[in-house]
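Descriptive analysis of the structure
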Amino acid sequence: MEPIRVHSGLVYPMNRANVDTDQIIPKQFLKRIERQGFGQFLFYHWRFDEEGEKRDSFSMNDKKYTDASILVAGDNFGCGSSREHAPWAILDYGFRVVIAPSFADIFYNNCVKNGILPVQLSEDETQAIIKKAEQQKLELTIDLEKQLVVEEEEFNFSFDISDYHKQMLLNGWDEIAVTLTHEDKITAYEERQHLTG
Amino acid sequence: MTQPKTIIEKIWNNHIVHQEPGKPDLLYIDLHLIHEVTSPQAFEGLRMKGRKVRRPELTFATMDHNVPTKQRHIIKDEVSKKQMHTLKENCEEFGVPLADIDHPDQGIVHVIGPELGLTQPGKTIVCGDSHTSTHGAFGALAFGIGTSEVEHVLSTQTLGQARPKTLQVKVNGKLGTGVTAKDLILAIIAKYGVRFGTGYVIEYTGEAIRDLSMEQRMTVCNMSIEAGARAGLISPDDTTIEYLRGKRHVPDGEAFEQAAAEWRALATDEGASYDATVEIDADKVEPQVTWGTNPAMCVPVSANVPDPASQEKDYEQDEVQRALDYMGLEANQSIDSVEIEHVFIGSCTNSRLSDLKKAADIVRGKQVHEKVTALVVPGSKTVKEQAEAEGLDVIFKTAGFEWRDAGCSMCLAMNDDIIPPGERCASTSNRNFEGRQGNGARTHLVSPEMAAAAALEGHFVDVRQYTKTALNG
Ligand code: SF4
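These numbers were taken from a predicted model, which means no experiment stands behind them.

What follows is about the UniProt feature "binding site: [4Fe-4S] cluster" (unreviewed entry) in chain B. Residues and elements named next belong to chain B. When the UniProt feature table is mapped to this numbering, "binding site: [4Fe-4S] cluster" (unreviewed entry) covers C348, C408 and C411. With the annotated positions falling across 64 residues, the maximum pairwise C-alpha distance of 8.7 Å places them together in a single cluster. Looking at the element boundaries, C348 is found in the loop between β15 (342-345) and α12 (353-363). Apart from the residues within four sequence positions on either side, C348 is in contact with I108, H110, V111, H131, T134, N222 and N430. Since its relative accessible area comes to 7%, C411 is described here as buried. Discounting residues that sit within four places of it in the chain, C411 has contacts with F344, S347, S429, N430, R436 and Q437.

Across all of its chains, the model carries 46 salt bridges over all chains by this definition. Linking E78 of chain B and K81 of chain B is a salt bridge whose minimum nitrogen-to-oxygen distance equals 3.7 Å. Of the two residues, E78 of chain B and K81 of chain B both sit in helix α3 (residues 78-94), 3 residues apart, roughly one turn of that helix. On the accessibility criterion, E78 of chain B (52% relative accessible area) is exposed. Judged by its relative accessible area of 37%, K81 of chain B is partly exposed. For R404 of chain B, the salt bridge identified is with D417 of chain B, shortest N-O distance 3.0 Å. Of this pair, R404 of chain B sits in the loop between β17 (402-403) and β18 (424-427) while D417 of chain B is found in the loop between β17 and β18, placing the two residues 13 residues apart along the sequence. Residue D417 of chain B is classed as buried on the basis of its relative accessible area, which comes to 7%. Taken together, the shared-partner salt bridges in this structure form one network comprising E183 and E190 of chain A together with R54, R55 and E57 of chain B.

This brings us to the side chain of K31 of chain A. With respect to the element layout, K31 of chain A can be found in the loop between α1 (21-24) and α2 (44-47). A distance of 3.2 Å separates polar atoms of two side chains, one belonging to K31 of chain A and the other to S80 of chain B. Setting aside its immediate chain neighbours within four residues, K31 of chain A contacts N66, D77, V79, S80, Q83 and M414 of chain B.

Looking now at the site of the ligand. All names here are of chain B. With respect to spatial proximity, the complete set of residues near the ligand consists of H65, I108, H110, D129, H131, S347, C348, C408, C411, L412, N430 and R436. The residue makeup of the shell around the ligand, split by class, is 5 nonpolar, 5 polar and 2 charged. Looking at which domains feed residues into the shell around the ligand, each of domain 1 (7-278) and domain 2 (287-472) supplies at least three.

Before going further, it helps to spend a moment on the UniProt feature "domain: Aconitase A/isopropylmalate dehydratase small subunit swivel" (unreviewed entry) in chain A. What UniProt calls "domain: Aconitase A/isopropylmalate dehydratase small subunit swivel" (unreviewed entry) maps, in this numbering, to residues 6-123 of chain A. Between the first and last C-alpha atoms of residues 6-123 of chain A the distance is 23 Å; the span itself is 23% helix and 19% strand.

Time to look at the packing of aromatic side chains. Residues and elements named next belong to chain A. Counted according to the given criterion, the structure contains 20 aromatic pairs over all chains. Seen from their ring centres, Y93 and F95 are 5.5 Å apart, and the 20° between their planes marks the pair as stacked. Residue class for Y93 comes out partly exposed when judged on its relative accessible area of 25%. For F95, a relative accessible area of 1% gives the class buried. Centroid distance Y164 to W173: 6.3 Å. Interplanar angle 50°. Geometry classified as tilted.

Okay, the sheet that holds strand β2 (residues 25-28) of chain B next. All names here are of chain B. Strand order across the open sheet formed by 3 strands is β1-β2-β8, with antiparallel pairing between neighbours. Two strands lie at the open edges of the sheet, namely β1 (16-18) and β8 (158-161), each paired on one side alone. Shown here is a sheet whose adjacent strand axes are inclined to one another by a mean of 45°, direction ignored. In this structure, β1 lies alongside β2, joined through 2 bridges in antiparallel fashion. Bridging across to β2, I16 finds its partner in L27.

The next subject is the environment of V171 of chain B. All names here are of chain B. Within the secondary structure, V171 sits in strand β9 (residues 165-172). You can call V171 buried: its relative accessible area is 0%. A C-alpha to C-alpha distance of 5.9 Å links V171 and E279, two positions 108 residues apart in sequence. Those residues within four positions of V171 in sequence are excluded, and the remaining contacts are L184, I188, T205, G206, E207, A208, I209, I280 and A282.

Formed by 114 residues in total, the largest nonpolar core has its most connected members in F43 and F77 of chain A together with F401 of chain B. In terms of residues, this core owes the most to one element, helix α15 (residues 448-457) of chain B, which gives 7 residues. Setting aside residues up to four positions removed in sequence, F77 of chain A forms contacts with V19, I24, F43, L71, I90, V98, A100, S102, F103, A104 and F107 of chain A. Counting 78 residues, the second largest nonpolar core, distinct from the first, contains I8, L87, Y204 and W263 of chain B.

Conventions we followed
Residues numbered from 1 in each chain as written. Chains lettered and ligands numbered in written order. Predicted model: local features only at pLDDT ≥ 70, side-chain atom pairs only at ≥ 80, totals over all residues. Heavy atoms only, no water. UniProt positions renumbered as here; feature names shortened; annotations may be inferred. Helix = DSSP H or I, 4+ residues; strand = E, 2+ residues; numbered from the N terminus. Contact = heavy atoms within 4.5 Å. Buried < 20%, exposed > 50% of the residue type's maximum accessible area, 1.4 Å probe, protein only. Salt bridge = Lys/Arg side-chain N within 4 Å of Asp/Glu carboxyl O. Polar contact = N/O pair within 3.5 Å; in protein donor to acceptor, adjacent residues only side chain to side chain. Near = heavy atom within 4 Å. Nonpolar A, V, L, I, M, F, W, Y, C, P; charged D, E, K, R; others polar. Domains from an automatic or database assignment. Phe/Tyr/Trp six-rings, centres within 6.5 Å; stacked < 30°, edge-to-face > 60°. Pairing = 2+ DSSP bridges. Axes fitted to C-alpha atoms, helices over the stretch in contact; angles between N-to-C directions. Core = buried A, V, L, I, M, F, W, Y, C linked by side-chain atoms within 4.5 Å.

Printed below as a string of structure tokens:
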């Protein structure tokens, strides 16, 4: 996975809470056996009508957000199904950072494993970003090392992230390889539990 | 004396393979369940790195999400077919046991794990599926994982996890007649919201929980994830142990008694403390019906759909309004006035034998309303067989229900069992998200009894008034 250190980009504001992974990527697109190519299906039924035409009423279709790489949304983002297709779609569409007041646990982990930075800000901070990005083009810089969300004019927010998740994102680790350095411990555990086959 | 512990802490401590400050604990995984949708990319990852499955015998796969529930072998969708075929190839290549579509053990992964006795108290259980929380009913620590984590478990039989906070959900008193485990968990989520469990593992305690059968406990734990909790569990007791006795993968004879003693010892100690506790009175819970697009958007059957104007914040008003628009409902409309076109009895929440029996008790000798299409989809082939042995299929079919083969079916509509846009379904499943049962479909979550009664009436009714005799009988 691609490391992420500092990311600057355009914000797409989605002022909705409890956005579930069924909305992020609907089930009919989960049948593919690859990891790539899910971006075209992101928020499919919100972006497209029954005929597959873009819905003008859905702001993500607005040209001014075409190059957005930072998704800012309401509380409890990514709830519901554990499908990792959701972060795959988000990443493939072009987002590297998702900002929300809170995330569902499984979704949060899935993001980190795919090099997407989930940033947790307060409700007020998130709303301030959303409101501004709805009014005008808004560019933010997220500095993972310093744990800051910065905008030229006004915003300077700090965020929390566990040190482990931070290191994973900064370094783009292959977690399996890291775990396998403890293989002797796994074997010892299996022996203790009489699990050796 | 040692510090009293919760079952969550005990299971956690028993499974630590490696600990380092500032890092997640590396936990050993006792059982890894697999299905066709969330595993192909994980197996592909192994292949690309030349890695193996460390413990194929602790891994068990089935096909459930895509499988047709009628005309079993006609899979029209080529991509679905390929996904199922890929699972078969992967299981063969990596030596993982598989209950495929033709296998007598096939069924929804969260139905067959317990049925086969693979699910046992004290185990750590994972699956690339958020409803893995179901297995917590047995006093196992069971949670859903993403596909990258599936790959990690396949390859190492471990998973790095930050120690979760513990949350006690205490259910006082007793559930009334005709009020089910499904109503209880919906009422809990309605009261505390869709994210009160985020970051926690839930333990359900209290008199009403002790009174539940194992299958009812599975219904409760199943929906822990709808409250945001990856795992929800119940300390093992006599009910747990008697349910497990004689199951295929459970030891027998002397070894069973020994295992049972160990399982009992896992129960939360007297005086153990939780990071948080919430409570609910079971005797106040009524049959529930969801009205909106997440499981907390739920009211008792005697109540009305809410009014956006009564919400505090503007984005909350928007959320309620958007849900009403999607659902085609008016603010303040009484929920029992809502008419339905479809009924789905099935899913890992409510497709076990006792669920089907209770629904059958309601419909016995009656007829499905003329404008309703009603479906029963047993959770596994075994459930189907047992139900047929008891004549439930005949009761359902005579009443006008379709009697299908085992799978996830209309819970997520990945196969051909799809609700058309704008149509409305009373469903015993667990998610009423937009489009869950088909693009534009409108889902109302209810218990099997409430779904059965709605099928007969064509709209929601309080099942307690509808047929007291059937429920008491
Ligand atoms: S029945 Fe529904 S919720 Fe359960 S595993 Fe299948 S798709 Fe998921």
